[in-house]
Amino acid sequence: MTGFPILSLMLLVPLAGALACLFLDAKGARTVALAATLINLALGAVLWLDFEVGGPQWQFQEKVELFHGFSWALGIDGIALLLIELSVFLMPICIGASWNSIEKRVGEYMAAFLLVEVFMLGVFTAQDLLLFYMFFEAGLIPMYLIIGIWGGADRIYASYKFFLYTLLGSVLMLVAMLWMIHEAGTTDIPTLMAYDFDPRVQTWLWLAFFASFAVKMPMWPVHTWLPAAHVQAPTAGSVILAGVLLKMGGYGFIRFSLPMFPEASAQFAPLIWGLSMAAVVITSLIALVQDDMKKLIAYSSVAHMAIVTIGLFAFNPQGLEGSMLVMLSHGLVSGALFLSVGIIYDRLHTREISRYGGLSINMPRYALFFMLFTMASVGLPGTSGFVGEFLSLAGIYQVSTWTTAVCGTGIILGAAYMLYLYRRVAFGEQKNADAAAMPDLDLREILMVVPLALAVLWMGIYPESFMAPMRADIAALDARLAQARPRGDASIAVAKDKPAPAEAAHEGAH
């Protein structure tokens, strides 16, 4: 595939599909949207198979100079590859989840969803700083429309809050980008990743990027837009929001904040640890008292993304690899959990936990898959959730034992709120006749949950297939961070001036 513009093609396919959907009836729009996402899934498989593990860092590169200082520059490394695969894997599932539940303006809805895919893939493939910013910001528009038009009763409030939070955070990032381009004389992201900015300036640049990525993750306390957006968004909107859009913040830290501003990243690491500890404990406790299933999973997302941030700012390979695996696992598991909520919401049209109960009696297949995704969220060994969380905590332990101890409580609290949710939904007495009469999964729903279940198990049982593509990139980032790595409180100090026992005995003999 050398020389073939596969990345441009992966952007063109959903874009063409989106334009076609605007001129088709409901049935035609659904069919075209599904076909476009499946074609991209096939192209993603080609990308995975053709990616050369251990080869050059940047592969599938394309570059066309458009005008002075701006170019259509695409390319991926192992980190971007994994997030692209996650995106193209979830998109057909999202279209399937919207098949029957979206009944008004179907063509526009499918077009908006395909545009979300274009901009997501653009973020992960862009190698020009301004091109990245355009994709990063453009993704807000279709998601704003999806929440605002096809969302719940308070959709207008939720969509405005989502849009304003994420847009305001990114304005500072644009100012920083323009200064960087002026200083370094290039918009090329790989070049900027190796450029040594003045440590005094790094502080301000880091804060400007942090304003955008912290909201996108989202980190506590700028996370309040997320529960509102999740609760009001249609099921597929929640799946793609939690599955991929939140990962853009983590990707931003890996691609920009850490390699471009290593000294500033080390300087602000304690701030990140403090916010992450607060997020894990506070949002887990909030999740524990929720009556709305979507809200509970939304707050759990904030807690899980806090594990990502502590891994990223552990400044060692274990933490960096762990944070990437948590992002991938959370993309699969949170998407699957929102899908599980959507399946029963389509039947009963309520997200109140108290309205359900005993679903394992009349929906055994559903209860089985829901249990698997619940256990993966908790981090059960053998599922995708375990490996990343273990590595992230192992990584942060090397630099901050206190952060490890506090964030470790997130595993206990996570088990508490997820198992409490599962018990109330799947077990117990069937108090409501309408819930007891709900039919089990149909073929369409089985085709959506089975791939997610297989991916969760594959990642848990054989994580090496996900770690191998990114290992060289993580090592390169680790080497870049080595100069600024903070001293850890878990390392044992060895006295160097004291003579070894053998030397002391030798001196005594004389």
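To be clear, the structure that these remarks concern was listed above.
Parameters and conventions
Residues numbered from 1 in each chain as written. Predicted model: local features only at pLDDT ≥ 70, side-chain atom pairs only at ≥ 80, totals over all residues. Heavy atoms only, no water. Helix = DSSP H or I, 4+ residues; strand = E, 2+ residues; numbered from the N terminus. Contact = heavy atoms within 4.5 Å. Expected span 1.5 Å × (residues − 1). Buried < 20%, exposed > 50% of the residue type's maximum accessible area, 1.4 Å probe, protein only. Core = buried A, V, L, I, M, F, W, Y, C linked by side-chain atoms within 4.5 Å. Phe/Tyr/Trp six-rings, centres within 6.5 Å; stacked < 30°, edge-to-face > 60°. Lys NZ or Arg CZ within 6 Å of the ring centre and 35° of its normal. Polar contact = N/O pair within 3.5 Å; in protein donor to acceptor, adjacent residues only side chain to side chain. Axes fitted to C-alpha atoms, helices over the stretch in contact; angles between N-to-C directions. Parallel < 35°, antiparallel > 145°, perpendicular 65-115°, else oblique. Nonpolar A, V, L, I, M, F, W, Y, C, P; charged D, E, K, R; others polar.

Visitor: With reference to specific residues and values, describe the side chain of His 223.
Guide: Along the chain, His 223 turns up in the loop between α9 (199-216) and α10 (225-232). Residue contacts for His 223: discarding those within four places in its chain leaves Pro 218, Thr 283, Tyr 299 and Val 302.

Visitor: How would you summarise helix α17 (residues 364-378) if you had to cite specific residues and measurements?
Guide: Spanning 15 residues, α17 covers 21 Å between terminal C-alpha atoms, matching the ideal 21 Å at 1.5 Å per step. Buried residues of α17: Tyr 366, Ala 367, Phe 369, Phe 370, Leu 372, Phe 373, Thr 374, Ala 376, Ser 377 and Val 378, and no others. Next to the buried residues of α17 lie α14 (293-312), α15 (317-348), α16 (359-362), α18 (384-397), α19 (401-426) and α21 (443-461).

Visitor: Tell me about the nonpolar core, and name the residues and values.
Guide: Counting residues in hydrophobic clusters, the biggest one holds 186 residues, and the most contacted among them are Phe 132, Ile 240, Phe 313 and Phe 373. For Phe 132, the contacting residues outside a window of four places in its chain are Val 123, Ala 126, Met 173, Met 177, Ile 189, Tyr 251 and Phe 256.

Visitor: Summarise the environment of Met 143; cite the residues concerned and give the values.
Guide: Position of Met 143 among the secondary structure elements: in helix α6 (residues 140-150). Met 143 sits in the buried class, given a relative accessible area of 0%. Considering only alpha carbons, one finds Met 143 and Ala 229, 86 residues apart in sequence, at a separation of 9.8 Å. Here Met 143 is in contact with Val 116, Phe 162, Gly 237, Ile 240, Leu 241 and Leu 245, once residues within four sequence places are set aside.

Visitor: Provide a residue-level description of the packing of aromatic side chains, including the pertinent values.
Guide: Taken as a whole, this structure holds 29 aromatic pairs when the rule is applied. Taken together, a centroid distance of 5.6 Å and an interplanar angle of 70° make the contact between Phe 213 and Phe 253 edge-to-face. Note that Phe 213 is positioned in helix α9 and Phe 253 in helix α12 (residues 247-260), a separation of 40 residues in sequence. Phe 253 shares its class with Phe 213; the two are buried. Looking at Lys 216, its charged tip hangs above the ring of Phe 136, at a distance of 4.6 Å from the centre.

Visitor: I'd love a proper account of α14, names of residues and values included.
Guide: Its 20 residues place the ends of α14 29 Å apart at the C-alpha level, agreeing with the 28 Å of an ideal helix rising 1.5 Å per residue. Of all 20 residues in α14, 19 are buried, a share of seventy percent or more. The residue sitting at the N-terminus of α14 and contributing the capping side-chain oxygen is Asp 292; that oxygen lies 2.8 Å from the backbone nitrogen of Lys 294.

Visitor: How would you sum up the side chain of Ser 392? Please name residues and give values.
Guide: Tracing the sequence through the fold places Ser 392 in helix α18. Setting aside its immediate chain neighbours within four residues, Ser 392 contacts Ile 307, Gly 311, Gln 318, Gly 319, Gly 322, Ser 323 and Val 326.

Visitor: So what about the environment of Gly 385? Which residues, and what values?
Guide: Among the secondary structure elements, Gly 385 is positioned in helix α18. Look at Gly 385 and you get buried, because its relative accessible area is 5%. When sequence neighbours within four positions are dropped, the list of residues in contact with Gly 385 reads Ser 329, Ala 376 and Gly 379.

Visitor: Pulling in residues and values, what's your account of the environment of Leu 325?
Guide: Tracing the sequence through the fold places Leu 325 in helix α15. Overall, Leu 325 belongs to the buried group, its relative accessible area being 0%. Taking the C-alpha atoms as reference points, Leu 325 and Met 134, 191 residues apart in sequence, are found 27 Å from one another. Among residues more than four places away in sequence, those in contact with Leu 325 are Val 387, Gly 388, Leu 391, Met 459, Phe 466, Met 467 and Met 470.

Visitor: Describe in detail the packing of helix α3 (residues 78-97) against helix α11 (residues 235-245), supporting the description with residues and values.
Guide: Taken N-terminus to C-terminus, the directions of α3 and α11 make an angle of 170°; their axes are 9 Å apart at the nearest point. The orientation of α3 relative to α11 falls into the category roughly antiparallel. Between α3 and α11, the contacting residues are Leu 86, Ser 87, Leu 90, Met 91, Cys 94 and Ala 97 on the first element and Ala 236, Val 239, Ile 240, Gly 243 and Val 244 on the second. Its residues assigned to classes, the contact of α3 with α11 shows nine nonpolar, two polar and no charged.

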